[in-house]
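# Notes for the structure review
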Amino acid sequence: KTETIVAETNFYSRLSYTLLGLPLLLLGLPVLLISYKKWGKDLSVAIPASCGIAFFAWGIWGALQSLARVGYLSPLLAGMLIHVIFGITGFLLLHKQGT
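Residue numbers here run from 1 along each chain, matching the order of that chain's written sequence. Two thresholds apply to this predicted model, a pLDDT of at least 70 for residue-level local features and 80 or more for giving and counting side-chain atom pairs, whereas whole-chain, interface and lining totals are computed over all residues. Calculated side-chain values reflect all of the structure's heavy atoms, with hydrogen atoms and water omitted.

Turning to a nonpolar patch on the surface, a few remarks are in order. Patch members must show over 30% relative accessible area and no salt bridge, and they are joined within 9 Å when carrying like charges or within 5 Å when they are nonpolar side chains of Val, Leu, Ile, Met, Phe, Trp or Tyr. Using a 1.4 Å probe, the Shrake-Rupley method yields the accessible areas, and only the shown protein chains count as cover for residues. We define a salt bridge as a side-chain nitrogen of Lys or Arg found within 4 Å of a carboxyl oxygen belonging to Asp or Glu. Taken together, the side chains of L25, L29, L32, L43 and I47 define a hydrophobic patch exposed on the protein surface, amounting to about 430 Å² of accessible area. Numbering of helices and strands starts at the N terminus; helices are DSSP runs of H or I of at least 4 residues and strands are runs of E of at least 2. Tallying contributions element by element places helix α2 (residues 21-39) first for the nonpolar patch, with three residues.

Moving on to the packing of aromatic side chains. Think of it this way: a Phe, Tyr or Trp ring, Trp meaning its six-membered ring, pairs with another when their centres are within 6.5 Å, and the plane angle makes it stacked under 30 degrees, edge-to-face over 60, tilted otherwise. Considering all chains together, one arrives at four aromatic pairs under this definition. Pairing F11 with Y12 gives two aromatic rings, centres 5.2 Å apart and planes at 65 degrees, and the pair type is edge-to-face.

This paragraph deals with helix α1 (residues 2-18). Helix span is expected to be 1.5 Å times the residue number reduced by one. Along its 17 residues, α1 runs 24 Å from first to last C-alpha, staying within 8% of the 24 Å computed at 1.5 Å per residue. Each residue is placed in one exposure class: buried if its accessible area under a 1.4 Å probe, protein chains only, is under 20% of its type's maximum, exposed if it is over 50%, and partly exposed if it falls in between. The set of residues buried in α1 consists of I5, T9, S13 and S16. One side of α1 holds all its buried residues, which, seen down the axis, span an arc of 65 degrees. More than 90 degrees from the buried face of α1, the exposed residues found are E3, F11, R14 and T18. We call two residues in contact whenever any of their non-hydrogen atoms come within 4.5 Å of each other. Residues of α1 that are buried sit in contact with α3 (46-69) and α4 (75-98). The arc in question is formed by the directions pointing from the helix axis toward the C-beta atoms.

Moving on: the packing of α1 against α3. Angles run from 0 to 180 degrees between N-to-C directions of axes, and those axes are lines fitted to C-alpha atoms, restricted for helices to the stretch in contact. Orientation of α1 relative to α3, taken along the N-to-C sense of each, is 160 degrees, at an axis distance of 9 Å. Put simply, α1 runs roughly antiparallel to α3. Like other packed secondary-structure pairs, α1 and α3 cross with a definite hand, here right-handed. Touching I5, V6, T9, N10, S13, S16 and Y17 of α1 are W58, W61, Q65, A68 and R69, all from α3. Geometric relationships in this document are graded by angle, where less than 35 degrees denotes roughly parallel, more than 145 denotes roughly antiparallel, 65 to 115 denotes roughly perpendicular, and other angles denote oblique. Rotating anticlockwise by less than a right angle from the far helix to the near helix defines a left-handed crossing, while the corresponding clockwise rotation defines a right-handed one.

Encoded structure:
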């Protein structure tokens with residue numbers, strides 16, 4: 001059973017890591033828009049903020065994968081949860097910027 005969990009986790013983690021750029025883009029766009037509105041054309045705020053978000057996402061992604069490997073989380077849930085959280089957050093921030 002543990003070999004099955006590890007194999008499923010490896011599969012979903014590779015798929016999730018490959019597609020992680022999409023929710024990060026969806027979250028990075030509102031950060032760029034917010035920094036542009038507050039500080040103008042200077043990217044000295046947007047770039048470090050985006051890098052911080054990426055490192056934060058990487059840390060959460062790694063923690064979720066570790067929890068899936070030991071059986072605390074479903075491998076599918078661990079692979080897709082970061083996408084759902086960052087995707088919804090990015091969509092809500094983009095929607096807020098549009099109104």
